Each structure stands twice: as structure tokens, then as C-alpha cells.
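Coordinate inspection notes
Now for the letters of each chain:
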Amino acid sequence: MNLLEIENLKTYFFTEAGVVKAVDDVTLSVERGCTVGLVGESGSGKSVTAQSVLRIVPRPGKIIGGKILFNGEDLLLKKEEEMRKYRGKKISLIFQDPTSSLNPLFTIGSQLADIVIEHEKLKKDEALDRVVKALRIVKLPDPEHAIYQYPHQFSGGMKQRICIARALLLNPELLFADEPTTNLDVTIQAQIIALLKDLQREFGMTLVMITHDMGIVAEMCKYVVVLYAGNVMESGSIEEIFERPHPYTEALLKAVPRLDETRKLISIPGNIPNLIDPPSGCRFHPRCQYAIDVCKERKPPLEDVGNSHFISCHRWRELQGGR
Amino acid sequence: MPPLLEVRDLVKYFPVYSRGIFRKKIVGNVHAVDRISFTVNERETVGLVGESGCGKTTTGKLILYLEKPSSGQILFDGKDVVQTFSKGSKEEQLKLRRSMQMVFQNPYASLDPRMTVYDIISEPFKIHRHVPSNEWKDRVYKLLEMVGLEPYHAERYPHEFSGGQRQRICIARALAVEPRFIIADEPVSSLDVSIRAQILNLIMELQEKLGMSYLYISHDLSSVRQISQRVIVMYLGEIVEQAPTAKLFDNPVHPYTRALMSAVPIPDPKRKMNVIILPGEVPSPINPPPGCRFHPRCQYADQKCKEEKPSFSQVDVDHFVSCHYWHKFV
């Protein structure tokens, strides 16, 4: 059994301008002990998917359909009090911006210890011991001293380490990392990636890496789910996706400059669609170079094309033949 | 041919004050840019890379005199920029402003939300008066076409556009004065991945068509490789290495450049990274380390690096590095 199974998840935002279909019919699964990449551009629904799993979708967003099976149990059927036992304890989340996700008014020790005290009913000094241990795991220098410091006394990379320590405090089974390195410099990004890889290896943690960077995906993940405009374009093993990609993934790979070569960038025409009134049929069709009439009319199903590679494209098989 | 832009020993310190009740006291200086020299030739794109706080944006601002240099010289087409803006006549200043323009990082903050696109792009005509007013409309349309927008976009307001389109508007505005030199400060880093290629390609096409020079400032080595003919790497306010793009990427010799390049993830599962992880973080520019500024994070550093500041050594034609032990890496 997979640790997490999401089936036909629909999360919509009911705004004044109309209903934004941020996550529309997303199906994916996360195997225990794996690192799975959730890839997409802004507005693809990758963060909302993570928020839906934890049931912390901000208003006016609402989960209106689907199933989220965690260890076989549907989280969408849980009561709010039950959900609180999952958040942080079984499923945890690291945010993109470490600065705004730490409280500036409390010391690191006190805000992290609060979590342990709340969930495990420990005494303050026992809780602080746990915090120090967690900070040591993420290689924060001098953790005994750090717990008495405030967030502003740390750099961005160190704050992100603290956030990772916070996410690990209660030994969660599943960890979502939502663009954890986007705000950091490249050399610091490399440190954080190395840290996450170590943690994954050492503790056999299940990690869902949310990112827009195909480089990070190639470096860290075993499986990938590619999202575009609230739909799953494809999912599969990293090798499959780079070798036999969906037209969107293919276009994306051709549009990013690479460090190891110079080549002509082939840009993807047009813009990311408005999700109040998304394109009919396949949501990528207005920007797809292979689009034909049927792409406009019918939404392609997510099909198993072998090697546990799932693709949502009318023409993929035919295009593979021609390649 | 003399270079279009020449920067000599440019320095910018920002004073740091102590908080006092009666008066502020200067307690130190942020060494934002510390004695850097480089040139940009006609029709050339020079990439300026480094991590946050290395002084790359400050360098761009200094060249345009948006910040006042503490010392050093900036020559644009033989003309002293600092002299012109501090002592020159209004006309001379306008003339110099016309030849150098900037495209900023965040297209959401650099367009006035109350002006239509037409107003935004024609504002330079009002200031510089280089286009007779009956031709403004045609000019605006032509500029819009040049950056890949439609004439009907002229009557719209910035909020109606996506990030990529806004960046196109910013580029059109910069082009309105027919500049010879454009500083592009992280022009694609706030855009979505699928949009970045559009803007990078546009920047390159415009150069082919109009023949201006760019200083492309970015922290993203991959896009720098894509767009630049020459690359300058900065660390903590200083230039550590500069070389033509191919030479720098094929054979980086400064330990910092090497670490920086190794840290960029490559979108190919078959090529696993061989990351050189740098210990620690960029030190404070208020009290930069003595000797080579990179020595506290450098695995090859020894006593000499701590004491003696390395001077520039020539590795190859046009390839310069500031490291005592660069020979090891050739």
C-alpha cells in the first residue's frame, strides 16, 4: 500500500471574480520511503495539493471532491480534531520562505518546544532537549546556544535548517517541502539539498519535493508528477519522464537554459491560463506545438503507458512512434 | 576599438551608523563594491554573476549613477559618468541618460499602475524630446511590436498584464530612448520557467537587430551562459574571475567559481551532481575577511591566503583570476 494516494482531488477557490479551479482532478500516489517531485509553474496547483492533504487550504478555497488516502484512511472524512493529530505529527510541511514562517517574537527554542509540548505533553526542559537534538540533526551550529536566539539572528539558509528541524520534531511519516530552496543562493541551496538527501537516506523518510526546477527534480527525486494548470500532465519514474516526456514537460525542458551546454532556447508561446475559465479539453493545448482538434474538444485521460508511466495526452503514443 | 564602457577601481561603501540619542556615529562601512574594474565592448553582452550581497546590483546602479560611487572612474564612450552627473550641464546629463538604460528585476514594481502602457512608453519622449510629438503614437506602436506586444495593448494598464508581458513593457520603455547600453538586472528571475525563455530570446534578438550592449546581472549561471559573451564572477564586493563565456564554463579556475558551478542542478537524471559544498555562508561585508575574501570558505586556503590579497593573474587570453593557487585548477 502506498503511503499517500490522492484520487480525483478537486480544490476550488470561490473568489468574487469566479471559481478558480486550482486543483482539478488530480490523481497521484506516493510510495513509502521515496522522494517524489511535484513539478509545475506558478498556478499549477502544486502548493494547493499539499495544503489539501493537510486540510489547510486558505479561504476562499475549498476541497470539493476526491479522496486523500493516507495509510489507507481518507483524510477528507476526518473530523477537525482528528486532523490536528495528523498535522505536524504524521504529515509535515516546510514552506518556501523561512523568514515568514518563523515567529519573530519568540526564541527558536520556545517556538519549537511548543510543538513538542502540545503534541507529546512533555515538560519544557525535556521538550528543549528534543529541539536541540532536532537542530543537531539539521547541522545547525551550536544548537544549545541557538535555542535562546531569535529568528532574525540567523541567515536564510540557517532559518531554513531550523524550519526543517521543526518539521522533523515529531518524526512525521510524510514530509512536504514546498520550494524549500527558491529563496536561497545556489551554494546554500546545494547545502539544503544535500541535507534533505541525507535525512531521506538516514531515516527512510517519505519526501514530496514541490518545485519548479527540473534540475532539482533530476537530482533528488525517484518519481515525478508534472502539474499544469491544476491538472496532472504525467507521472512516472524520473528516467521515464526525461526520456519519454509529455509534450509539456518536453517543451519545458527545451525552454530552460542549462549550465552544461549552450543551445537555442525554444520558448513556449503564450501565457499560463486563467483558471477561472481554463482552456477546454487538454489545458495545455493552446500552447502545445502538437495540438490538434481533438485536444481542444476532449480532455485526455491519465493513461498507463507502461513502466508505471501515466500520461494525459491524446497524441503521446503517436508522437513516440515518430521519434 | 576602445570599449563602450570602462569601469576603473570602482568603490562603493555604505556607512553603518550606531544608534545614539543625540547623534549618529559611523561605526563601519559595508564594502558593497570594492575596487572593481572591467569593460563592456560595443555589441557585447557581459554577464555579472554572484550570490546575493556580492555587489552585482550595486555595480549596475553605480554605472547609471543611481548610486553615487565612493571612488573610482566610469567611462562611457570616453565620457566620465561621475563627472557628468555631478558637475555637468543638464543637457549633457540627459544625453548620457539617453544612452544608458536599465531593466529591473521586478516588473510588478517598476511600472506605474496609474499610467497606461502608452503613457509609460512615451514618457521618455516627453523628457528627452528626441521624437516630435506627432510621431509618438507610431513610435509607441513600433516599440510594442518590437517587444512582441500588440498595438491595442497601448491603452491598457499594467495590472492587466502577466509578468512576462510586463517585462516586455519595461524593455520597450528602455528602448524608447534608443540606448546603446542596457543594464538588465535579473530580468527573468521573477518570471515563470516557461516564460523565461521568451524574454531571454527577446533580449538576444533585440541585440542582433539594434546592436546595443548589455550588462546582464544575474545569480542564475545557466541563463548567464545562454546570453553572455563574457562573464564576470563577483564575491563579496570583488571580482574573482572573468573570462569569455566558453572559457569560463569549460575551465573555471577560481575555487569559488568552481563551487558555484558545481552547485547548479542539471535537469538530466543521468548526470548526477558532483557538488563542492562550501562550508558556512558569505561573511559580513562590514568586516570582510583579510587577504583573499573567499579564504574562510575555501578548502585550498592556507596562511598566504589569509594574509595576502591575491592580484589578478592572466590564465589565458582575456581570462583573469584572483587566486594565489589558480595553477592547481587549470
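Residues numbered from 1 in each chain as written. Chains lettered and ligands numbered in written order. Predicted model: local features only at pLDDT ≥ 70, side-chain atom pairs only at ≥ 80, totals over all residues.

1. Looking at the interface of chain A and chain B
Heads up, the rule is: We call two residues in contact whenever the C-beta atoms placed from their backbones are within 7 Å. Strands are runs of DSSP state E lasting at least 2 residues, helices are runs of H or I lasting at least 4, and numbering of each runs from the N terminus. Asp, Glu, Lys and Arg are counted as charged, while Ala, Val, Leu, Ile, Met, Phe, Trp, Tyr, Cys and Pro are counted as nonpolar; the rest, among them Gly, fall into the polar class.
Facing 37 residues of chain A, the contacting portion of chain B comprises 32 residues. Only α7 (186–203), α8 (214–220), α9 (238–243) and α10 (247–255) of chain A provide two or more residues apiece to the side of chain A that touches chain B. The dominant element in the side of chain A that touches chain B, judged by the number of residues it contributes, is α7 of chain A, at 7 residues. Residue classes in the side of chain A that touches chain B are distributed as 19 nonpolar, 11 polar and 7 charged.

2. Overview of the environment of alanine 197 of chain B
Note on placement: alanine 197 of chain B falls in helix α7 (residues 193–210). Between the C-alpha atom of alanine 197 of chain B and that of serine 223 of chain B, which follows or precedes it by 26 residues, the distance is 9.1 Å. Discounting residues that sit within four places of it in the chain, alanine 197 of chain B has contacts with Ala255, Leu265, Ile266 and Ser267 of chain A.

3. So, the confidence of the model for chain A
Test applied: pLDDT is defined as a per-residue confidence score from the predictor, taking values between 0 and 100.
Predicted confidence across chain A gives a mean pLDDT of 92, with 99% of residues reaching 70 or more. Between the elements of chain A, mean pLDDT differs from a low of 82, seen in helix α12 (residues 316–322) of chain A, to a high of 96, seen in strand β9 (residues 223–228) of chain A.

4. Some details on the confidence of the model for chain B
Mean pLDDT over chain B stands at 92; residues scoring 70 or higher make up 100%. Here the complex is predicted with pTM 0.89, and the ipTM for its interfaces comes to 0.85.

5. Remarks on the sheet that holds strand β3 (residues 35–39) of chain A
Residues and elements named next belong to chain A. Condition: A strand pair is defined by DSSP finding two or more bridges across the two strands.
Here 8 strands make up an open sheet; going across it, the order is β6-β7-β8-β3-β9-β10-β12-β11 and the pairing mixed. Lying at the two open borders of the sheet, with one neighbouring strand each, are β6 (91–94) and β11 (303–304). Two elements, β11 and strand β12 (residues 310–311), share 2 bridges in a ladder whose sense is antiparallel. Bridging across to β12, glutamate 303 finds its partner in isoleucine 311.

6. Brief notes about unusual backbone geometry
Both trends apply: most residues other than glycine have a negative phi, and most peptide bonds are in trans. Operational definition: To sort residues by burial, count the other C-beta atoms lying within 10 Å of each one's C-beta; a count of 20 or more means buried, 12 or fewer means exposed, and anything in between means partly exposed. C-beta atoms are built from the backbone.
Across the junction of arginine 59 of chain A and proline 60 of chain A, the peptide omega takes the value 0°, indicating a cis bond. Note on placement: proline 60 of chain A falls in the loop between α1 (46–54) and β4 (61–70). Even without being a glycine, glutamate 179 of chain A presents a positive backbone phi close to 45°. Structurally, the position occupied by glutamate 179 of chain A is in the loop between β7 (174–178) and α7. We note that leucine 236 of chain B has phi near 50°; this positive angle belongs to a residue other than glycine. Within the secondary structure, leucine 236 of chain B is located in the loop between β9 (230–235) and β10 (238–244). With 22 C-beta atoms counted inside 10 Å, the residue leucine 236 of chain B sits in the buried group.

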